[in-house]
Amino acid sequence: MAAQFLDRLPPRLSPAEVQLRDHLLKAAQAAAQVLPPGDVVSLQEWVEFRMAAELELRTDSAGLVILKQVSRGAGTGKAPELSPAAQAFLSRLPGDSFLSEEERLREAIVDAVSRGPLSLAQVKRDQRVMSAVKAFIPGAVGVEDWIERRIGGEVAVDRDSPQMTIRLAGAEPVKESKESFFARLPKDSFLPEEERLRLSIFDFLAGWSSQELATLSHAGVDAGVQEARRALLGNTAASFKDWIERRIGGELSLKTDRKGQYEIHLSATARPFVAERVAALRAGTHMPPHMPPPMHPPFGPPMGPPGMMHPMPPPPQAPPMRPPPGGDRGGPPSAGGRAPAQQHRQGKDRDVDAEAAKARFFEKLPAEELLETELELRQLILDFLDRQRAEHPGDEGPMLSDIGKDKDCRKLRGELLQGTVSLREWVDRRIGGEVATKTAANGQVIVMYRDGMAPEPAQDAAEAPEADGAEAGTAEGPGSEAKVKAFFDGLPPDGFLPEEEALREALLNFLETWTSTDPPTLAEAQNDTEVHESRAQCLPKSSGVSLKQWIDRRIGGEIATWRKDGRAKDISWGLRDAWGDVANEANQQEAALAKEAASGGRKRKADDQGKGGERHRNLGGKGGGRR
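As the structure is a computational prediction, the values presented were derived from the model and not from experiment.

## Description of the sheet that holds strand β5 (residues 165–168)
Step number 1: Strand order in the open sheet made by the 3 strands is β3-β5-β4, with antiparallel pairing throughout. Across the chains shown, the open sheet's two edge strands, defined by having one partner strand only, are β3 (118–119) and β4 (155–158).
Step number 2: Here 2 bridges tie β3 to β5, and the two strands are oriented antiparallel to one another. Bridge pairing in β5 places Ser 119 opposite Thr 165.
Step number 3: Lying over the sheet, helix α5 (residues 100–113) contacts β3, β4 and β5, oriented at roughly 90° with respect to β5.

Printed below as a string of structure tokens:
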């Protein structure tokens, strides 16, 4: 039939064939960018792992490639229609018993998923499953089709997941123990999920621009790291820290700083790769997601099953060095055969140059007054402080990173600081007499008024405790601020507790089923059984923490909360991607109303503000101004 079809084709490609050819060429180019070189991972393995519910890419019994879109039934959790070849194969199997080959395949699959649900790709990479499939299942038949029609009473196929999950039927998801998880990992190579997490960490480090070392907490809130981490560790008891120390300890080491946070240190092995990522980011060029292995494995080439990535790195060969300021963690890759010692000297030279540039920057500024641009930046920061005090009177102050995201702040920083000094350094040196900075437990920098410098708020409605709909009973009483602080301090900085995950999922599920064009309120959400029960487990009344506080502090990057027009009694909420602008505007309105109420309409009258264009005197702390 194939020969007859090909013989009927015209000498020149038809329009449909031209379109098919173009798509295949583009797919080949995209695959070259996404997949690692050397045919380590095939396109078929990637399709099975990343989009098994959408696309079928396999070989038939003759070894020819089959590519087709999965039937729409796969998106509804129902098994798609079988191909004629699959129907013919399955119809030949006995109806009241198993063949010996089937029994071996059944035992291998049940054993593979007995520790917890796995993706279809993970199941097919199991050595016993792989051997049994090769001996019994023809290429035209999908393993998932055999599972559903032959052992569906024992093993379930969840087709709604993009990765198609295989699990024991009726079994509740059980987290795999840490010991079991690490025991099943290959000793001399990485699983694809591990490689993805490893590369996401390196990309995070390449984009890190703070002069402080990145911590495990910082990495844990990066979107790319979070997604890769969930894919690998989401169903296990192993922590992010455990995996780093036990699997990539030759490239990264974790050291506790004086605040108890785990700083991420790069080994000499990893520095060139991160530097390569940094260079690509700065140049604005595309960076393929694969990095070459740090070095050859100590015991020869990888010996894991197909689909596994490059060898694991050996233990560190040199102590980690602190990266230079500006986010360049280790400088550019070595070139021209320069020795490591010379590179190290060059890194020190860069440190000296950066410090000298900072010194020159501050020396050029007037010692006893602020420039006009500095005055504008100062006022913007003070306005942020006032809004924070009005919206969250119990908090210490806003995050410096939140201030830095403001459009006006970015403009002023570009004009004034020009990348030479950080915003925190400018605050400490130039207005440190009235504004202080500190590093919070989660690694974020908090900005606050120095003692005695904050304007006195009026004792009126603005001081009333915040209630979010059904949470009016959680009004904060004496000592509750310490209780709330203790609650949040006890949460993991680099992840969620199971109760938090359940509450987050309940809220997101509620939003998915919300059909009104208006956003829901927190009171409406708490009428939902799943949200109500999850909140009770995660935020008991004894914690003193409201649902709004938890959302703002723990998942504020995903979900926004606000009062309509800045004054509504009920608190609205929704996905930040959809409602972020509305929430920001409403929160600014609420802050302005609270500020007006608190100050009685008074405007700030700084005792150091001159008149008639007179410049502001410098309120820097010790060492401020010209040295």
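## Overview of α5
Step number 1: Compared with the 20 Å implied by 1.5 Å per residue over 14 residues, the 20 Å span of α5 between its first and last C-alpha is a close match.
Step number 2: By the burial criterion, the buried members of α5 are Glu 102, Leu 105, Arg 106, Ala 108, Ile 109, Ala 112 and Val 113. Burial along α5 is one-sided: seen end-on, the buried residues are contained in an arc of 165°.
Step number 3: Looking at the buried positions of α5, the neighbouring elements they touch are β3, α6 (120–125), α7 (127–136), α8 (143–150), β4 and β5.

## Some points on the nonpolar core
Step number 1: Core analysis: the biggest nonpolar cluster contains 31 residues, and Ile 201, Leu 205, Trp 243, Ile 244 and Leu 252 have the highest contact counts within it.
Step number 2: Listing elements by their share of this core, those giving two or more residues are α9 (178–183), α10 (192–206), α11 (216–220), α12 (223–233), α13 (240–247), β6 (252–256), β7 (262–266) and α14 (271–283).
Step number 3: For this core, the element with the highest residue contribution is α10, accounting for 6 residues.

## Concerning the confidence of the model for the protein
Step number 1: Summing up the model confidence of the protein, the mean pLDDT is 74 and the portion of residues at 70 or higher is 72%.
Step number 2: Mean pLDDT per element in the protein: helix α15 (residues 340–364) is the minimum at 65, and strand β11 (residues 571–575) is the maximum at 92.
Step number 3: Taken together, the stretch residues 72–77 has pLDDT below 50 and engages in 8 contacts with residues farther than four places along the chain or on a different chain.
Step number 4: Contacts of residues 622–627 to residues separated by more than four positions or lying in other chains number 13 contacts, the stretch itself having pLDDT below 50.

## A few points about the packing of helix α16 (residues 372–391) against helix α18 (residues 407–416)
Step number 1: Close contact between α16 and α18 brings their axes to 10 Å; oriented N to C, the two are set at 150°. Of the possible angle classes, the one that applies to α16 and α18 is roughly antiparallel. Considering how the two elements wind past one another, α16 and α18 form a crossing that is left-handed. Residues Thr 373, Glu 374, Glu 376, Leu 377 and Leu 380 of α16 lie in contact with α18, whose contacting residues are Asp 408, Cys 409, Leu 412, Glu 415 and Leu 416.
Step number 2: Across the contact of α16 with α18, the residue classes break down as 5 nonpolar, 1 polar and 4 charged.

Each value, and the rule that gives it
Residues numbered from 1 in each chain as written. Predicted model: local features only at pLDDT ≥ 70, side-chain atom pairs only at ≥ 80, totals over all residues. Heavy atoms only, no water. Pairing = 2+ DSSP bridges. Helix = DSSP H or I, 4+ residues; strand = E, 2+ residues; numbered from the N terminus. Contact = heavy atoms within 4.5 Å. Axes fitted to C-alpha atoms, helices over the stretch in contact; angles between N-to-C directions. Expected span 1.5 Å × (residues − 1). Buried < 20%, exposed > 50% of the residue type's maximum accessible area, 1.4 Å probe, protein only. Arc of directions from axis to C-beta. Core = buried A, V, L, I, M, F, W, Y, C linked by side-chain atoms within 4.5 Å. pLDDT = per-residue confidence, 0-100. Parallel < 35°, antiparallel > 145°, perpendicular 65-115°, else oblique. Left-handed = near helix turned anticlockwise from the far one by under 90°. Nonpolar A, V, L, I, M, F, W, Y, C, P; charged D, E, K, R; others polar.

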